[in-house]
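# Understanding the architecture of this molecule
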Amino acid sequence: MIGLIGRDGMRISLAKLFFSFLKIGAFTFGGGYAMIPLFEREFVKRYGYLDEDEFYDVLVICQSLPGVIAINFSVFIGIKLRGKVGGFVAGLGVALPSFLIILVIAAFLFAYIENPYVEAAFKGVRVSVIALIFTAGFRLFKQNKHLFGVFMAVLTFALVAMVRLHPFFVILAMGAFGYITTKVGEVVRHASH
Amino acid sequence: MLLIKLFFTFLGIGAVAFGGGYAMLPLFERMIVEQHGWLDRSLFLDMIAISQMTPGPIAINSATFIGFQIQGVIGALVATIGMITIPVILISLVSVYREPFKNSKVVQAIFTGLRPALVGLIFASVFSLARDAVFDLWGLILFFVFFGLLAVFRIHPILVILISAVLGLIIYA
């Protein structure tokens, strides 16, 4: 399955792999999810290295692993197309633009942050960022409006915000809890039949 | 020593960062702002705004920014590499041994717990961050305006951030 061939009957070259991912990394605003359609256009529609089903399989796998989705996705596709070196090249390509851009911005930001106008603008910006995070939570909540989902959300909120447990352990515990309740549910349903 | 601490902090974040982007901000906030005090809350919010307005994955932008703030270019590199190490190892394994993972009942069961937990986690970080940002009446009004623009009118986040910068200048300068 490694070294897939495109519509032109050739394996993708490492340079082309690198620049394809570099381009997507450099011009996609709004994070990893915004990149998915671009990956699809480039690797499925344009060059035909992957078919649609394969593409969505990879996407689902990347979403169920921890980490940065764009990186996971790039490395996975890179490995499929050109093995380990391909994975490295793809991951490097997609991360490099943001890494460099942020370095430049961070260096400038710390020079101007004391400026009263910059500070005033950021006072407004901070409120919009809170609204942005709140909106992300709100959208995710709408997908989990069932009783168990609300219970888990409220429990997690209480454990992290009130009891002040560490999110790292709460995430692990909630994953385990989800697994156990699903299994118990299966056993109970099985027994009642 | 600081670099080693930086590496392992981001290694930990990367290991449990399910759900991508905004879902991993609560981890950042607890570990970077509260545990280590590497960024204060205002700068943390500024960083998120910058990550959103520049191209690339938000988590990479954040790791680079935080690492740079702590230890310059080397710090940025160490933080970014730390965060992607465990996920990239997992991805490499899964790309070879995919069959047991595909449509896995175990993974699905785990996610019935994880997905709603992320909701609680995100609201917990909103709760914690809002105390420092939305501190006056204007802040509260703006919060509801921005939430409306984002959730109801579906205005693009970058545009909302730009609007908020202009309003910040008008109100606070």
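Position labels on residues start from 1 in each chain and follow its written sequence. Each chain is given a letter, starting from A, and each ligand a number, starting from 1, according to the order in which they appear as written. A pLDDT threshold of at least 70 governs which residues receive local features in this predicted model, and a stricter bar of 80 or more applies before side-chain atom pairs are shown or counted, although totals over entire chains, interfaces and linings include all residues.

### Focus: the domain arrangement of chain A
Boundaries between domains were set according to an automatic or database domain assignment. Assigned domains of chain A: these are domain 1 (14-112) and domain 2 (116-192). For domain 1 of chain A and domain 2 of chain A, the distance between their C-alpha centres works out to 27 Å.

### Digging into the confidence of the model for chain A
A residue's pLDDT is the predictor's confidence in that residue, given on a scale from 0 to 100. Counting all residues, the mean pLDDT for chain A is 89, and 98% of those residues have values of 70 or more. Across chain A, the element-wise mean pLDDT spans from 84 in helix 3 (residues 52-63) of chain A up to 94 in helix 6 (residues 147-162) of chain A. Per the convention used, a helix needs a DSSP run of H or I reaching at least four residues, while a strand needs a run of E reaching at least two, with both numbered from the N terminus.

### A closer look at the environment of A:Gly6
All names here are of chain A. Structurally, Gly6 can be placed in the segment before helix 1 (14-27). Exposure in this text rests on C-beta crowding, where 20 or more other C-beta atoms within 10 Å of a residue's own make it buried, 12 or fewer make it exposed, and counts in between make it partly exposed. The C-beta atoms are placed from the backbone. We classify Gly6 as partly exposed; it has 16 C-beta atoms within 10 Å. Sequence-distant contacts of Gly6, that is, excluding residues within four places in its chain, are made with Ile12, Tyr47, Gly48 and Tyr49. Contact between residues is assigned whenever the C-beta positions, reconstructed from backbone atoms, fall within 7 Å.

### Comments concerning the interface of chain B and chain A
Across the contact, 91 residues belong to chain B and 81 residues belong to chain A. Taken together, the elements giving at least two residues each to the side of chain B that touches chain A come down to helix 1 (2-16), helix 2 (25-35), helix 3 (41-53), helix 4 (58-96), helix 5 (105-133), helix 6 (137-152) and helix 7 (157-172) of chain B. Broken down by element, the residue count for the side of chain B that touches chain A peaks at 25 residues, all from helix 5 of chain B. Side-chain classes follow a simple rule in which Ala, Val, Leu, Ile, Met, Phe, Trp, Tyr, Cys and Pro form the nonpolar group, Asp, Glu, Lys and Arg form the charged group, and the remainder, Gly included, forms the polar group. Grouping the constituent residues of the side of chain B that touches chain A by class yields 65 nonpolar, 22 polar and four charged.

### Here we look at the domain arrangement of chain B
All names here are of chain B. You can read the domains of chain B as domain 1 (2-133) and domain 2 (134-173). On a C-alpha basis, the centroid separation for the pair domain 1 and domain 2 is 25 Å. Counting residues at the interface gives six residues for domain 1, matched by six residues for domain 2. For the side of domain 1 that touches domain 2, the secondary structure elements donating two or more residues are helix 3 and helix 5. Split into classes, the residues belonging to the side of domain 1 that touches domain 2 amount to four nonpolar, one polar and one charged.

### Section: the environment of B:Ile122
With respect to the secondary-structure elements, B:Ile122 resides in helix 5. Between the C-alpha atom of B:Ile122 and that of B:Met24, which follows or precedes it by 98 residues, the distance is 8.3 Å.

### Digging into helix 3 of chain B
Residues three or four positions apart in an α-helix share a direction because the helix packs 3.6 residues into each turn. Counted at 1.5 Å a residue, the expected span for helix 3 of chain B with its 13 residues is 18 Å, and the 19 Å between its end C-alpha atoms agrees. Of all 13 residues that make up helix 3 of chain B, 10 are buried, and the element is covered over most of its length. Elements that come into contact with the buried residues of helix 3 of chain B comprise helix 4 (69-112) and helix 5 (116-142) of chain A together with helix 2, helix 4, helix 5 and helix 7 of chain B. Expected span of a helix: the number of residues minus one, times 1.5 Å.

### Details of the packing of helix 1 of chain A against helix 4 of chain A
When two helices pack together, you describe them by how their axes are tilted relative to each other and by the distance separating the axes. Residues and elements named next belong to chain A. A fitted line through C-alpha atoms serves as each axis, taken over the contacting stretch for helices, and the angle formed by two N-to-C directions is quoted from 0 to 180°. Where helix 1 contacts helix 4, the two axes come as close as 7 Å, and the packing angle between them is 40 degrees. When the axis of helix 1 is compared with that of helix 4, the two are oblique. In this structure, helix 1 crosses over helix 4, and the sense of that crossing is right-handed. Should an angle fall under 35 degrees it is called roughly parallel, over 145 degrees roughly antiparallel, and 65 to 115 degrees roughly perpendicular, with every other angle called oblique. Rotating anticlockwise by less than a right angle from the far helix to the near helix defines a left-handed crossing, while the corresponding clockwise rotation defines a right-handed one.

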